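Architecture at a glance
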Amino acid sequence: MLLEIDDVSLLYGRIQALHGISLTVNEGEIVALIGANGAGKSTTMRAISGIRPVASGRIRFEGEDITKLRADLRVRRGLCQAPEGRGIFPGMTVLENLDMGAYTRRDRAGIAQDLNRVMELFPRLAERRKQQGGTLSGGEQQMLAVGRALMSRPKLLLLDEPSMGLAPMLIQQIFSIITEINEQGTTILLVEQNAQQALARAHRAYVLETGRIVKSGTGAELLHDPSVKEAYLGVA
Ligand code: ATP
């Protein structure tokens, strides 16, 4: 087991956003977290990456308790989040942004290899390597955020709404890339509004409702679950 979240609760001031969440991610998996707006998906990601402290419960990564570990030290251990809605450095070029993703690494050969891999995964970024991040289109910035996270060579990649704001064709493309990244050996935890695509791609998934996990199963099971279909896939 790569990641284990055990009974985690999280508060924003007096608002309780997570009520005792438990979930696991095994090595090699794509695990999806789906749920309506405000269900607590991004909050769960923030708890895992360490951006927000948890009120109670435990988070373990590779068997070690990281509940209280600083966010930057989690990145060094191989837990990396590509932020929701970009979060790239607007004043830096595409290449500089990608370099920043590798800031914790010293293995220059490995970094060069991963840069090539990112350029192959995202030919659009390769074409625009000298362009400033802030002048990229929304979809291109999204790709850059994923590419930058990959440059840290994570053991677990956290993706928060990678398809947000993308045109239908690009949504297909980003999900294909997610599958490809996974097949190349990276474990992925994915938060998505686009439940159809996420469930189709995920090995396993969890459904979050008002800060609680209400259902879990394989991607295929949930894709065919009547209540999931009705609530999240827009089919009665
Ligand atoms: P969406 O799909 O709309 O992004 P989500 O499932 O990711 O939603 P969260 O962003 O995790 O939901 O929010 C969970 C709950 O916590 C919501 O009710 C939200 O209003 C609240 N919340 C999130 N961030 C804060 C904050 N900084 N301060 C107070 N409340 C917050």
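Because the structure is a prediction, the values reported are computed rather than measured. (Residues numbered from 1 in each chain as written. Predicted model: local features only at pLDDT ≥ 70, side-chain atom pairs only at ≥ 80, totals over all residues. Heavy atoms only, no water.)

On to the domain arrangement of the protein chain. Partitioning the protein chain into structural domains gives domain 1 (1-78 + 157-236) and domain 2 (91-153). Across the boundary between the two partners, domain 1 contributes 17 residues, which contact 11 residues of domain 2. Between domain 1 and domain 2 the total buried area reaches about 1,200 Å² when both faces are included, carbon and sulfur atoms providing 70% of it. On the surface where domain 1 and domain 2 come into contact, there are 0 salt bridges. For the pair domain 1 and domain 2, the number of links is 4 residue pairs in polar contact (both at pLDDT 80 or more). Put simply, the parts of the chain that give the side of domain 1 that touches domain 2 at least two residues each are helix H2 (71-77), strand S7 (156-160) and helix H7 (168-183). A total of 5 residues in the side of domain 1 that touches domain 2 trace back to one element, the largest contributor, which is H7. Across the side of domain 1 that touches domain 2, the residue classes break down as 10 nonpolar, 3 polar and 4 charged. (Domains from an automatic or database assignment. Contact = heavy atoms within 4.5 Å. Buried area = accessible area lost by both parts, 1.4 Å probe. Salt bridge = Lys/Arg side-chain N within 4 Å of Asp/Glu carboxyl O. Polar contact = N/O pair within 3.5 Å; in protein donor to acceptor, adjacent residues only side chain to side chain. Helix = DSSP H or I, 4+ residues; strand = E, 2+ residues; numbered from the N terminus. Nonpolar A, V, L, I, M, F, W, Y, C, P; charged D, E, K, R; others polar.)

This paragraph deals with the site of the ligand. Among the 14 residues in the neighbourhood of the ligand, the closest are listed as Gly 38, Lys 41, Ser 42, Thr 43 and Gln 193. Gly 38 places a main-chain nitrogen or oxygen 2.8 Å from an oxygen atom of the ligand. Lys 41 is positioned with one of its side-chain polar atoms (N or O) 2.7 Å from an oxygen atom of the ligand. Counting residues per element, the shell around the ligand draws most heavily on helix H1 (residues 41-49), at 4 residues. Residue composition of the shell around the ligand, by class: 4 nonpolar, 6 polar and 4 charged. (Near = heavy atom within 4 Å.)

What follows concerns the confidence of the model for the protein chain. The predicted model of the protein chain averages 92 in pLDDT, with 97% of residues at 70 or higher. For this predicted complex, the interface confidence comes out at an ipTM of 0.95, alongside a pTM of 0.92. (pLDDT = per-residue confidence, 0-100.)

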